[in-house]
Every structure is written in C-alpha cells, then in structure tokens.
Amino acid sequence: MKPIIKNIYAMEILDSRGNPTVKVFCELENGIIGSACVPSGASTGKYEALELRDGDKSRFFGKGVLKAIKNIEEKIASALKGMDASSQREIDIRMLELDGTEDKTELGANAILGVSLACARASAHSYGLPLYKYLGGLNSYILPVPMLNIINGGVHADNPLDIQEFMIVPHGFDSLKKAIRAASETFHNLKKTLKENGLSVSVGDEGGFAPNISSTEKAIEFILKAIEKAGYKPEEEISIALDCAASEFYDDKNGTYKIEGKELKKDELVSFYEELVKKYPIVSIEDGMAEEDWEGWKIITQKLGDKIMLVGDDVFVTNKKRIEKGIKENCANAVLIKLNQIGSLTETQEAIDFSHRNGYRTVVSHRSGETEDTFIADFSVAMGTGFIKTGSVSRSERVAKYNRLMEIENEVFKAVYPGKLFFKSH
Ligand code: PGA
Ligand code: ZN
C-alpha cells in the first residue's frame, strides 16, 4: 500500500542550547507516523536559507517558532495531504513552489526541512526499511569517518580561542567501532591532561572541552599529547582537523583577519595555516577563509588544496549555486553538508551529488544547536559521503549520532569503514 500522507502537524521543542525548534510529524493513511527535529546553528552562514523565528520578545527572547509551526499546519499540510510520502522530490518541490522565495523566507527553512525529513521517515517506516537503506538503496555500505570536535572555541565556547573547532579524525582503523573507541579514549586523556594543567574541563556547545587558552598551537599540542597518552599514533591512526569559522574573525572592511591578537592579510593567514600543516598532522581545514572572501579561498586552495581537505561551510551553505561558483573558481575541495542550511532533503541530495560529480568530497554535519534526532547518521551512510562531523563524544545529542552509526555498522553486511582509503599517505 502506498504511504499516503493523511496529516502533518508540528510542535515547539527545545534544542541542545535550550532554544525552541521545530519537531514535525507526518501521519500516513496506514497509521504510521514519522517525525523529525530541526537543528539550529550559531556561527550561521550569511547565505543560509531563513530560519523563521517569531520575533515576539515576550516568548523565548523572540526565538519562538510558532509561526513556522503555523505555516506547517495550515499552509504546508493542506498542500501535501493525499500525496505519496515516498515522492520526496515532488513533496519538496511542491513546498518550494508554495514558498516561492529564493531563501525560503515565506514559510521558513525550518518549517520546510522538518516536513521534508518527517515525510522521509514516515515513508521509510511504511516500507519497513531502516532510514539509510530507504534513502540510499541496497548499496548503502560505506560508513563515514567521524571528525570529532574535542576542543571548542569561537562562538561555541566562552574562551579566547579564535578557531572554533579542533577535531580528531580517527582514520587508521578498520571499523567505526574501533575509531569511536579511540576517540573516546583520546577525549578522556585530553580531560586528564587539561586538568593536570589547571584548565577547565567543562564542555562547549558541541561537547568538546573549552579550556581558557588562546593559542591554536597549544590546543593542537594538548590533543596530540592526549592521542599518545591513549596509546594511539598521531598521523598514522588519528589526525587533526580544524574548523576555523573564519567569517567570525574576518574584517570585511579591511579584508583582514583578526586572530590571536594579530591582524593578518589573506596571504598571511594562509601562511599561518601552511605552517600549522607543516608542523602538525592536520588533514582538513574547514572555513579557513570567510564566506565572502572568494579571493582568499583561491589563495588557500592554491597553497594547500593538493595537501589536505579544504572544506567549505559558510561559503557554500549547501547551496548548489554557490558550490558551482566555488568549483569554477577553484575554491576548496570539499563541501560541508548541513540540511538546514538549504532547507530540504531533495536540495541537499542534489548538492551532494553535484559535489561528488565534480570531485569534491562531502562531510555531513550537525549544527551547534542539535536535538536527539539521528537523521544525519543514516543520511551520511545513504549518501556514501564517507565523512561526518557531529561533535565530541559527550552530550547525548552528539553521541546519539555515533551510537546510531555503530548500530548501522552492526546491521550492514561487511560495512566498509573507509578511513585508511581516504588517508593513504598517513
Ligand atoms: P554552527 O557551527 O552550527 O554554529 O553553524 C557548525 C560549523 O560551523 O560547522
Ligand atoms: Zn563550520
């Protein structure tokens, strides 16, 4: 029996920062209900689709999402009732037409995405398939290599680190479970090391530590020490990845970057990164340059593009048009994929396909404001992206995704953990 949509409804729930967000339910004629929760960013890209907030200061400081919910229950639900929930493209395009704007300002990207994902979930349940298999087909067998953010800085933490995320990439293992174990043991050794140095071990938004240090090198050295203490080999088994979120320290008037108390020109910032890459086992830098600084992106790609992954997040915002511009202008070599940056499953899938066809890698990512929803774990396997970024190994909204991935690893016959394939030189 076709999974026909009977009703769509939504409610206001809280995200991991305690701010309201949208949860959507898609009820089918056959009685099955699928639901999905929408995440929310803090270092949000300027060109992301609109996250609709009420602006009514008397509720949640204006962050309520009742307008988005009203749009779902009144406008979207009536447009989708009676449709086949497995016609994802049709559903998403119908919503885009109903919205009629470039940035989803009419209905809200949070409203559209919640419905898009809830329909996929309901349909998957209805066909009795796990989400990854429903979305990716029988050939979904490639697990993602996690990039785990174990030191938080930037706008995700109340410390002086300019760089937002210091991640470990446990690639030198033959299973996801071993990689997660290595990450967990490193995390705990990092905690010990920070404590021994009189530093705080409370965690930031993505579950990484937020020590009161300001030096990028110092943060990296703490992590390297922790990897060794845990009995693993830096570079060979576990490498480092950074998300600089450079739009946050870019001065667009002067075209300079303010980092570690210095004001650097574009090429000086790239030299700073080059030195780091020379000195430390860094395999990936995300948002090394600001979202508007295409020129800076060209410089960093020329200098480092054949050595490491250069991931575009704020610069691309999971938007095919911006990815296309980046590819044409030789900016970056990988794309961060966030469903709520673009606001529908179909457009996200198109962005991934387009990137892969042009030789760009993709990293499926959470947001700093997350929920218990594990959609992105299944999604990364379905799309065979090979990479996921979903925080540290603490805070359940982060760990839920890793736990789901380990479940998928158990379930899939001879699932492939591609870490050693991706980083052969190490
Ligand atoms: P955000 O951060 O969710 O706060 O935007 C994540 C990232 O920059 O990758
Ligand atoms: Zn980022």
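Figured I'd write up the structure that's included with this text. (Residues numbered from 1 in each chain as written. Chains lettered and ligands numbered in written order. Predicted model: local features only at pLDDT ≥ 70, side-chain atom pairs only at ≥ 80, totals over all residues. Heavy atoms only, no water.)

Take the side chain of Asp313 next. Note that Asp313 resides in the loop between strand E11 (309-312) and helix H9 (320-328). Within polar-contact distance, the side chain of Asp313 engages the side chain of Lys338 at 2.8 Å. If we skip the residues at most four places from it in the chain, Asp313 touches Asp243, Glu286, Asp287, Leu336, Lys338 and Gln341. (Helix = DSSP H or I, 4+ residues; strand = E, 2+ residues; numbered from the N terminus. Polar contact = N/O pair within 3.5 Å; in protein donor to acceptor, adjacent residues only side chain to side chain. Contact = heavy atoms within 4.5 Å.)

Once that is clear, we can look at the packing of aromatic side chains. One pass over the structure, following the stated rule, counts nine aromatic pairs. Ring centres 5.9 Å apart and planes at 50° place the aromatic pair Phe272 and Tyr273 in the tilted group. The class of Phe272 is buried, set by a relative accessible area of 17%. Between the aromatic rings of Phe387 and Phe422, the centroid separation amounts to 4.6 Å while the plane-to-plane angle is 20°, which identifies the pairing as stacked. Here Phe387 is found in strand E14 (residues 387-389), whereas its partner Phe422 is found in helix H14 (residues 419-422), with 35 residues between them in sequence. (Phe/Tyr/Trp six-rings, centres within 6.5 Å; stacked < 30°, edge-to-face > 60°. Buried < 20%, exposed > 50% of the residue type's maximum accessible area, 1.4 Å probe, protein only.)

As a further point, take the pattern of salt bridges. The tally for this structure, following the rule as stated, stands at 30 salt bridges. A salt bridge links Asp243 to Lys389; its shortest N-O distance comes to 3.1 Å. Here Asp243, found in strand E6 (residues 238-243), pairs with Lys389, found in strand E14; they are 146 residues apart in sequence, far enough to count as distant. Lys389 matches Asp243 in its accessibility class, with the two residues each being buried. For Glu275, the salt bridge identified is with Lys278, shortest N-O distance 3.4 Å. Of the two residues, Glu275 and Lys278 both sit in helix H7 (residues 266-279), three residues apart, roughly one turn of that helix. (Salt bridge = Lys/Arg side-chain N within 4 Å of Asp/Glu carboxyl O.)

Turning next to the pairing of E11. Burial of the side chains of E11 extends over both faces: Met309 and Val311 are buried on one face and Leu310 and Gly312 on the other. By the bridge criterion, three bridges tie strand E10 (residues 282-286) to E11 in an arrangement that is parallel. Pairing of Glu286 across the sheet is with Val311, part of E11. Traced from E10 through helix H8 (residues 294-304) to E11, the parallel crossover comes out right-handed. (Pairing = 2+ DSSP bridges. Right-handed = clockwise from strand over helix to strand, strands pointing away.)

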